[in-house]
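# Residue-level structural notes
One-letter residues, chain by chain:
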Amino acid sequence: MASTSTEAPRAANAVSALRTFLVAGLGTALEYYDFLIYGLAAGLVFNKVFFPGSDPLIGTLYAFAAFGTGFLARPLGGIVIGHFGDIIGRRKMLITTLITMGVATIAIGFLPDYATIGVWAPILLVLLRLVQGFAAGGEWGGAALFGIENAPANRRGLWGSFTSMGIGLGTLLGGGVFTIVSIAFDDQLTPLAWRIPFWIGGALVLVGLLARMSMPQQEAIPTAPARAKRKMPLAEAVKRSPRTVLLGLGVSYGYNTVAYIGFTFFLSYLTGIGYGATESLVAQLVYSFVLFCSAPLFALMSDRVGRRTVMVLGGIAMAVFLYIYFPMVGTGSIALVVLAFGITGLITGITQGPIPAFLGEQFPARMRYSGMSASYQIGAAIGGGTASFVATGLLIMSNQQPVAVAAYGTFAMAVLIACSLGLRETSRLSTQEVNDPDGATATART
């Protein structure tokens with residue numbers, strides 16, 4: 001039987017939880033800060049800066065369409081970077097994604113607006129957004145795997161959620177910077193103020209880069225003869241279990257659809273019904289903080305009661321709450337708005353926490369980066385990349401009736417639940433069984 005080095009590196013490196021969080025969580029936080037502040041800018045100012053027009057809602061629609069282009073590049077980034085992550089290691093790819101994201105973010109901060117260079121402004125914005133998407137596509141899988149592959153066997157869900165915590169922390173940082181800038185400039189985010197978060201984001205990448213440069217060189221990837229099979233890890237993953245790839249795609253579609261409705265569409269919806277930019281950003285901060293705290297709690301819960309159970313619970317809770325959210329924010333009470341966003345963050349954390357381990361454990365170690373990245377990022381492109389655009393379109397077509405958006409989110413949650421139930425439960429499997437299920441089965445038979 002071919003042996004692997006999936007257990008040995010962890011013992012040799014003795015990677016601590018804190019160090020793992022700094023690499024997987026903090027690095028992801030800074031990278032997703034860069035990726036997600038675009039979402040904030042799209043919901044608040046890009047309709048004026050890059051897509052000016054007579055109808056602000058139509059401008060917002062265009063801004064969200066440009067936001068979605070970043071998701072078009074995410075599957076490509078997941079496939080390309082995931083491939084090399086399986087072939088030459090996670091460390092080099094995670095450093096590459098961080099640098100790429102930082103350069104693109106700084107460039108957006110310096111991009112001239114529509115009034116200055118005309119149609120070239122949105123064209124260049126979309127191109128830079130594609131670069132951001134490519135980097136983000138390779139980031140998530142590698143960071144999640146660093147946590148999962150260095151975790152104790154009974155804490156893979158929790159350690160995998162360091163990436164989920166990083167996303168929450170990144171949105172918290174992004175929302176915090178935008179809030180401070182909005183207050184400092186008295187809610188006037190144009191023409192200069194919106195650029196400041198992008199400049200800060202590019203500089204913060206240096207912090208994440210220092211953390212990732214300290215990653216151990218030795219990694220939990222298979223040794224020969226399994227190495228010979230890694231010429232095309234994604235092709236092997238699809239050939240081995242196309243059903244797993246498709247079901248993982250469905251889970252990602254459902255989660256990302258509702259996550260980006262909550263992160264970007266909800267923000268623009270608030271400003272559209274009369275709330276100020278600062279009030280909306282404060283609510284977004286509450287959402288991000290609660291998400292940051294809740295994701296690891298539900299990931300730990302998935303270690304104890306099972307990944308599928310937690311995922312189904314999160315899907316049902318979100319499907320119900322979507323019909324409560326809009327009446328809450330429609331009251332005009334900022335207290336109810338903050339509460340609504342806090343509940344949204346809590347429920348989003350139910351599914352976001354276990355996802356890294358749940359999807360990563362579906363694939364053997366030798367093809368894991370490629371398989372989970374492709375599955376997750378294609379689902380993210382279909383769901384997250386279109387969520388705010390579709391939600392805004394539904395709002396327009398339904399004559400401002402948000403129940404159409406709630407129904408759209410309910411459909412996404414139904415897909416997530418069905419696909420979660422179709423995947424195998426992995427929380428009770430040993431690390432060896434997860435990393436090399438074929439070898440573990442052969443050993444059991446002998």
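Up top you'll find the structure we're talking about.
Let us look at the structure shown here. What you see is a predicted model; the values in this text were computed from it and never measured.

Cut-offs applied
- Residues numbered from 1 in each chain as written.
- Predicted model: local features only at pLDDT ≥ 70, side-chain atom pairs only at ≥ 80, totals over all residues.
- Heavy atoms only, no water.
- Helix = DSSP H or I, 4+ residues; strand = E, 2+ residues; numbered from the N terminus.
- Buried < 20%, exposed > 50% of the residue type's maximum accessible area, 1.4 Å probe, protein only.
- Contact = heavy atoms within 4.5 Å.
- Areas by Shrake-Rupley, 256 points an atom, 1.4 Å probe, with all protein chains shown as cover.
- Salt bridge = Lys/Arg side-chain N within 4 Å of Asp/Glu carboxyl O.
- Phe/Tyr/Trp six-rings, centres within 6.5 Å; stacked < 30°, edge-to-face > 60°.
- Axes fitted to C-alpha atoms, helices over the stretch in contact; angles between N-to-C directions.
- Parallel < 35°, antiparallel > 145°, perpendicular 65-115°, else oblique.
- Left-handed = near helix turned anticlockwise from the far one by under 90°.
- Nonpolar A, V, L, I, M, F, W, Y, C, P; charged D, E, K, R; others polar.
- Patch = residues over 30% accessible without salt bridge, like charges linked within 9 Å, V, L, I, M, F, W, Y side chains within 5 Å.

This part is about the overall build of the protein. In terms of regular secondary structure, the protein is built from 19 helices and zero strands. Sorting the 446 residues of the protein into buried and exposed places 62% on the buried side. Pairs at least 24 apart in sequence give 86% of the contacts found in the protein among residues at least 6 apart. Carbon and sulfur atoms form 71% of the exposed surface of the protein, whose accessible area is close to 15,800 Å².

Next up on the list: the pattern of salt bridges. With the rule as written, the count across this model stands at six salt bridges. The closest approach of N and O atoms between Glu-361 and Arg-156, which form a salt bridge, is 2.6 Å. Of this pair, Glu-361 sits in the loop between α15 (355–360) and α16 (368–397) while Arg-156 is found in helix α8 (residues 156–184), placing the two residues 205 residues apart along the sequence. Owing to a relative accessible area of 0%, Glu-361 belongs among the buried residues under this scheme. Judged by relative accessible area, Arg-156 falls into the buried class, the value being 1%. One salt bridge connects Arg-307 with Asp-303, and the closest N-O pair in it is separated by 2.8 Å. The exposure classification of Arg-307 matches that of Asp-303, with both residues buried. Here the residues in one salt-bridge network are Arg-156, Asp-303, Arg-307 and Glu-361, joined through shared partners.

Aromatic ring pairs: the centre-centre distance and the angle between the two ring planes describe each pair. Using the criterion set out here, one finds 18 aromatic pairs in the structure. Taking 5.2 Å as the distance between ring centres and 90° as the angle between the ring planes, the aromatic pair formed by Phe-46 and Trp-194 counts as edge-to-face. Taken together, the residues span a long stretch of sequence, with Phe-46 in helix α3 (residues 46–49) and Trp-194 in the loop between α8 and α9 (195–213) at a distance of 148 residues. The residues Phe-46 and Trp-194 share a single accessibility class, namely buried. The rings of Phe-265, Phe-266, Tyr-269, Phe-321, Tyr-325, Phe-326 and Phe-341 are connected pair by pair, giving a single aromatic cluster.

This part is about the packing of helix α13 (residues 307–329) against helix α14 (residues 334–352). Across the interface, α13 lies against α14 with an axial gap of 8 Å and an inter-helix angle of 165°. Judged by the angle between their axes, α13 and α14 are roughly antiparallel. Like other packed secondary-structure pairs, α13 and α14 cross with a definite hand, here left-handed. Of the residues in α14, those in contact with Val-310, Met-311, Leu-313, Gly-314, Gly-315, Ala-317, Met-318, Phe-321, Tyr-325, Met-328 and Val-329 of α13 are Leu-336, Val-337, Leu-339, Ala-340, Phe-341, Ile-343, Thr-344, Ile-347, Thr-348, Ile-350 and Thr-351. Along the lines of polarity and charge, the residues of the contact of α13 with α14 split into 17 nonpolar, five polar and no charged.

With that settled, consider a nonpolar patch on the surface. Taken together, the side chains of Tyr-114, Ile-117, Val-119, Trp-120, Ile-123, Leu-124 and Leu-127 present a nonpolar region at the surface, about 610 Å² in accessible area. Mapped onto the nonpolar patch, the elements with two or more residues apiece are α6 (114–117) and α7 (120–149). Top contributing element to the nonpolar patch by residue count: α7, with four residues.

Turning our eyes to something else, we now look at the packing of helix α11 (residues 242–272) against helix α12 (residues 277–305). For the pair α11 and α12, the least separation of the axes is 9 Å and the interaxial angle reads 160°. If you check the angle between α11 and α12, you find them roughly antiparallel. Relative to α12, the crossing made by α11 is right-handed. Counting all contacts with α11, which are made through Ala-259, Gly-262, Phe-263, Leu-267, Leu-270 and Thr-271, the residues of α12 involved are Ala-277, Ser-280, Leu-281, Ala-283, Gln-284 and Tyr-287. Tallied by class, the residues present in the contact of α11 with α12 amount to eight nonpolar, four polar and no charged.

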